[in-house]
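Listed here are the chains, written in short residue letters.
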Amino acid sequence: KNEVEQSPQNLTAQEGEFITINCSYSVGISALHWLQQHPGGGIVSLFMLSSGKKKHGRLIATINIQEKHSSLHITASHPRDSAVYICAVKETGKLIFGTGTRLQVFP
Amino acid sequence: DTGVSQDPRHKITKRGQNVTFRCDPISEHNRLYWYRQTLGQGPEFLTYFQNEAQLEKSRLLSDRFSAERPKGSFSTLEIQRTEQGDSAMYLCASRQSGTGETQYFGPGTRLLVL
């Protein structure tokens, strides 16, 4: 069993739809990250959470420490949101990554 | 552009050859991380440095792999006697400890071992 699991693995949506990506983890953590990876490899950090909820534009991230679960929501999705979204948890000095959720948003 | 650069961006080599990758972090960042990512998977931690000290190495980092950060600035990752299983994207990231947890990733070096 992977220490960080994401669901779904693949997601397609129509432009404007509300999207949710889930992340569950099994290790003790000090922080959880949501990252975005575009084709070609570049990774950008979206959020770092240790509790509660954060919002940035159309993106919202939540974390429930007791349930070891986090969600990333995208409101009013747009084709430019198409990317791989990766959840990562911080354990001691390093990040442990999920396998990512590939999102495609169609016009 | 995050400010972290990696060179080369692509490398094709034959099995058995040695390869070396370079990462230039954001200049004031004291922590530098190396990750490996294979197709369809998330990145996997390889090693990280605080300044010039290598603080942790993954079990994934076999004795064919070595990383250095001699002056606490740029870092190199060398793979000796490459194998086809080494084909992957090698990612570097940096951050400044004590100023937040966000890591800034470079564009990666894509290695193909024939």
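Cut-off values and rules
- Residues numbered from 1 in each chain as written.
- Chains lettered and ligands numbered in written order.
- Predicted model: local features only at pLDDT ≥ 70, side-chain atom pairs only at ≥ 80, totals over all residues.
- Heavy atoms only, no water.
- Helix = DSSP H or I, 4+ residues; strand = E, 2+ residues; numbered from the N terminus.
- Buried < 20%, exposed > 50% of the residue type's maximum accessible area, 1.4 Å probe, protein only.
- Contact = heavy atoms within 4.5 Å.
- Areas by Shrake-Rupley, 256 points an atom, 1.4 Å probe, with all protein chains shown as cover.
- Pairing = 2+ DSSP bridges.
- Axes fitted to C-alpha atoms, helices over the stretch in contact; angles between N-to-C directions.
- Phe/Tyr/Trp six-rings, centres within 6.5 Å; stacked < 30°, edge-to-face > 60°.
- Lys NZ or Arg CZ within 6 Å of the ring centre and 35° of its normal.
- Buried area = accessible area lost by both parts, 1.4 Å probe.
- Salt bridge = Lys/Arg side-chain N within 4 Å of Asp/Glu carboxyl O.

## Structural notes on the overall build of chain A
Next up, step 1: Of the regular secondary structure elements, chain A holds zero helices and 11 strands.
Next up, step 2: Scanning chain A from its N terminus toward the C terminus, one meets helices and strands in the order β-β-β-β-β-β-β-β-β-β-β.
Next up, step 3: The dimensions of chain A, computed from C-alpha atoms along their principal axes, are 40 × 30 × 25 Å.
Next up, step 4: By residue count, 45% of the 107 residues in chain A fall in the buried class.
Next up, step 5: When contacts within chain A are restricted to residue pairs at least 6 apart in sequence, those whose partners lie at least 24 apart make up 54%.
Next up, step 6: On chain A, roughly 5,100 Å² of surface is accessible, and the fraction owed to carbon and sulfur atoms is 50%.

## A word on the sheet that holds strand S3 (residues 19–25) of chain A
Residues and elements named next belong to chain A.
Next up, step 1: On the basis of which strands lie adjacent, the open sheet formed by five strands has the order S1-S3-S8-S7-S6 and antiparallel pairing. Each having just a single partner strand, strand S1 (4–7) and strand S6 (52–56) make up the two edges of the open sheet. In this sheet, adjacent strand axes meet at a mean angle of 15° when their direction is disregarded.
Next up, step 2: Pairing between S6 and strand S7 (residues 59–64): five bridges, direction antiparallel.

## Some points on the sheet that holds strand S7 (residues 65–68) of chain B
Hydrogen bonds between backbone atoms are what pair the strands of a sheet, whose relative direction is either parallel or antiparallel.
Residues and elements named next belong to chain B.
Next up, step 1: Taking strand neighbours across the sheet as the criterion, the four strands line up as S1-S3-S8-S7 in an open arrangement whose pairing is antiparallel. Every other strand in the sheet has two partners, leaving strand S1 (5–7) and S7 as the edge strands with one partner each. The average undirected angle you get between the axes of adjacent strands in this sheet is 15°.
Next up, step 2: Examined bridge by bridge, strand S3 (residues 19–24) and strand S8 (residues 75–79) share five bridges and lie antiparallel to one another. Following the sheet pairing, Val-19 is matched in S8 by Ile-79.

## Observations concerning the packing of aromatic side chains
Next up, step 1: Enumeration over the complete set of coordinates arrives at eight aromatic pairs over all chains.
Next up, step 2: Pairing B:Tyr33 with B:Tyr48 gives two aromatic rings, centres 5.1 Å apart and planes at 15°, and the pair type is stacked. With a gap of 15 residues between them, B:Tyr33 in strand S4 (residues 31–37) and B:Tyr48 in strand S5 (residues 44–50) connect regions that are remote in the sequence. For the pair B:Tyr33 and B:Tyr48, a shared accessibility class is recorded, and that class is buried.
Next up, step 3: These aromatic residues form a ring-pair network of at least three members: A:Phe97, B:Tyr33, B:Tyr35, B:Phe45, B:Tyr48 and B:Phe105.
Next up, step 4: Note that B:Arg22 overlies the ring of B:Phe74, its terminal NZ or CZ placed 3.9 Å from the centroid.

## Points about the interface of chain A and chain B
Next up, step 1: The interface of chain A with chain B comprises 17 residues on the first partner and 20 residues on the second.
Next up, step 2: For the chain A face of the interface with chain B, the top three residues by lost area are A:Ile43, A:Lys94 and A:Phe97, together amounting to 32%.
Next up, step 3: Put simply, chain A and chain B have one salt bridge between them.
Next up, step 4: Of the charged contacts in the structure, one is a salt bridge between A:Lys94 and B:Glu56, with a shortest N-O distance of 3.1 Å.

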